[in-house]
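# Architecture at a glance
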Amino acid sequence: MSESTVIILGSSRSDGNTSALVHDYATIINATVVDLNDYEISPFDYNADYNDDFISLMAGLLKYDRIILATPMYWYSASAQMKTFIDRWSDLLKTEKAKGRQLRGKQVVVLATGSDKIPPNCFEQMFQLTFRYLGMDYRGMLYCQCESQYLVEHHHEVIAKFVIQMDRN
């Protein structure tokens, strides 16, 4: 893969099923992995009264051509960590507009795990609508069902096909 790619892991477990998927995927495509648990990211504040890592983290992430968001599906939505991270993109529209404009045209992908065989449309739709609003180039979602734990031998073929599909786009 010629683009530089970062995978942003947003999960309450840094060593859970989504992390296992992320690390398998990152190895295949030679991507950098960023775990949101390693950063302090405050919830969105209309007054922009922050003392956290969000803006400096985003400055680093914007250097990548492709951004992959990885989250488990919790109650048919993204994890709290991922949702807080995405909510803070509002700062990129309000107070950090130059950084916000850098999202336009970025390739973006979603990796997800969950116990449902197939995620409901509402899960992916939240990402699709957000990316469309920001002018990002959404390339699709790879979802891996994990009954209890992530097993690479169960998902390797699906991951490989998805990587090929992403290379074609």
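The paragraphs below set out a description of the structure included in this document. (Residues numbered from 1 in each chain as written. Predicted model: local features only at pLDDT ≥ 70, side-chain atom pairs only at ≥ 80, totals over all residues. Heavy atoms only, no water.)

Taken as a class, soluble globular proteins show a tendency for nonpolar side chains to be buried jointly. In this structure, M58, L69, M82, F85, W89, L103 and F127 are the most contacted members of the largest nonpolar core, which totals 31 residues. Listed by contribution, the elements that provide at least two residues to this core are β1 (5-9), α2 (54-61), β3 (66-72), α3 (80-87), α4 (89-94), β4 (107-114), α6 (121-134) and β5 (137-145). Among residues more than four places away in sequence, those in contact with L69 are I8, M82, F85, I86, W89, V109, V110, L111, F127 and F131. By size, the runner-up hydrophobic cluster in this structure holds 20 residues, among which are L9, L21, V22 and V109. (Core = buried A, V, L, I, M, F, W, Y, C linked by side-chain atoms within 4.5 Å. Buried < 20%, exposed > 50% of the residue type's maximum accessible area, 1.4 Å probe, protein only. Helix = DSSP H or I, 4+ residues; strand = E, 2+ residues; numbered from the N terminus. Contact = heavy atoms within 4.5 Å.)

Judged by side-chain polarity, Y74, W75 and Y76 come together as a nonpolar surface patch covering roughly 420 Å² of accessible area. Structurally, the position occupied by W75 is in the loop between β3 and α3. By relative accessible area, which is 80% here, W75 ends up exposed. (Patch = residues over 30% accessible without salt bridge, like charges linked within 9 Å, V, L, I, M, F, W, Y side chains within 5 Å. Areas by Shrake-Rupley, 256 points an atom, 1.4 Å probe, with all protein chains shown as cover. Salt bridge = Lys/Arg side-chain N within 4 Å of Asp/Glu carboxyl O.)

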